[in-house]
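Observations on the model geometry
Spelled out from the first residue to the last, the chains are:
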Amino acid sequence: MNSVEKQISYTTTNSYSTLNQLTPQTKNVWFVLHGIGYLSRYFLKYFDELPPNENFIVAPQAPSKYYLNGAYTHVGASWLTRERTPGEIENVIHYLDQVYTAEAPPPHCKLILFGYSQGVSIATRWAARRKLPCDHLLLHSGGIPEELEGKDFDYLKEHGTDIRIIVGDKDQYLTEERRKSESKKIERLFQGRAKHLIFEGKHEIKKTIINTLM
């Protein structure tokens, strides 16, 4: 078989979800990036106990939707796969740029960038490439991409960004070997500036943790 894979560019659209209203009383604007299997509108439930008058939540939607089971009833989504990863990263970054343009925090608000599971890889790539002026970078139960380097995050030190690594002590995806590897990577990238928050639990988000972050 003499097949050839080719490439084209085209215009597409994608949704995103928000929670609460952006007002003069808003203190924090969150960009929250979900993990595999979520839809953004359902991911917002983890943030619905934050004070609504102080927190405006923006949940971008991973572009690749799929059925979660053989019954074809529940739909989830994924940000990336190993297939054509560099090109897909570019697509995702351009999409996030557009969401940010539409919902950019006003000067009186702090910017919080939150990634969960697969969303950690998206949050860190986006922050590194665009030098997002985030006041808080919250990385929950996910791995940071190997291609990123310490110099990609030097700007966070200049900005005074609060960096936190959040993980469950019984996370089923975090083997001892991977725990050590990620710890070394975090130290290399953030040079001791990242704070670790270890909670009792598995690979999961708990509202009790979210509610204490700010």
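Above this text is the structure in question.
This text gives an overview of the structure that appears in the document. Everything numeric in this text was worked out from a predicted model, so none of it was measured.

With mixed pairing, the 7 strands of this open sheet are ordered in space as 1-3-2-6-7-8-9. Both edges of this open sheet fall to strand 1 (16–19) and strand 9 (194–199), since each of them pairs with a single strand only. For this sheet the average axis-to-axis angle between neighbouring strands, irrespective of direction, equals 20°. Across 6 bridges, strand 8 (residues 162–168) lies against strand 9 in parallel orientation. Bridge pairing in strand 9 places Val167 opposite Ile198. Strands strand 2 (28–33), strand 6 (110–116) and strand 7 (136–140) of the sheet are contacted by helix 3 (residues 118–130), whose axis makes an angle of about 140° with strand 6.

Our next topic: the pairing of strand 8. Counting buried residues along strand 8, 7 of its 7 residues qualify, which places the element largely inside the surrounding structure. Burial along strand 8 is two-sided: the face carrying Asp162, Arg164, Ile166 and Gly168 and the face carrying Ile163, Ile165 and Val167 are both buried. Of the pairings in the sheet, the one linking strand 7 to strand 8 comprises 5 bridges and is parallel in character. Note on strand 8: the bridge partner recorded for His140 is Ile166. At this point the chain moves from strand 7, through helix 4 (residues 154–159), to the parallel strand 8, and the crossover so formed is right-handed.

Turning to the layout of surface pockets, a few remarks are in order. Gaps left between atoms are located by rolling a probe of water-molecule size over the structure's atoms. Each pocket or cavity is described by its volume, and for the largest pocket that value is around 720 Å³. Contributing to the lining of the largest pocket are 22 residues, with Tyr10, Thr12, Asn91, Val92 and Tyr95 lying nearest its centre. The greatest single-element share of the lining of the largest pocket, amounting to 10 residues, is contributed by helix 2 (residues 85–103). Partitioning the lining of the largest pocket into residue classes produces 8 nonpolar, 11 polar and 3 charged. Considered as a void within the structure, the second largest pocket measures approximately 570 Å³ in volume. For the second largest pocket, the lining is made up of 30 residues, of which Ser117, Ser141, Gly142, Gly143 and Arg178 are closest to its centre. Secondary structure elements with two or more residues in the lining of the second largest pocket: helix 3, strand 8, helix 5 (176–190) and strand 9. Taken together, the residues of the lining of the second largest pocket break down into 13 nonpolar, 12 polar and 5 charged.

So, how was this worked out
Residues numbered from 1 in each chain as written. Predicted model: local features only at pLDDT ≥ 70, side-chain atom pairs only at ≥ 80, totals over all residues. Heavy atoms only, no water. Pairing = 2+ DSSP bridges. Helix = DSSP H or I, 4+ residues; strand = E, 2+ residues; numbered from the N terminus. Axes fitted to C-alpha atoms, helices over the stretch in contact; angles between N-to-C directions. Contact = heavy atoms within 4.5 Å. Buried < 20%, exposed > 50% of the residue type's maximum accessible area, 1.4 Å probe, protein only. Right-handed = clockwise from strand over helix to strand, strands pointing away. 1 Å grid on protein atoms, 1.4 Å probe; cavity = no way out; pocket = protein on both sides within 12 Å on 5 of 7 lines; lining within 4 Å. Points joined across faces, edges and corners; volume = space filled by probe spheres on them. Nonpolar A, V, L, I, M, F, W, Y, C, P; charged D, E, K, R; others polar.

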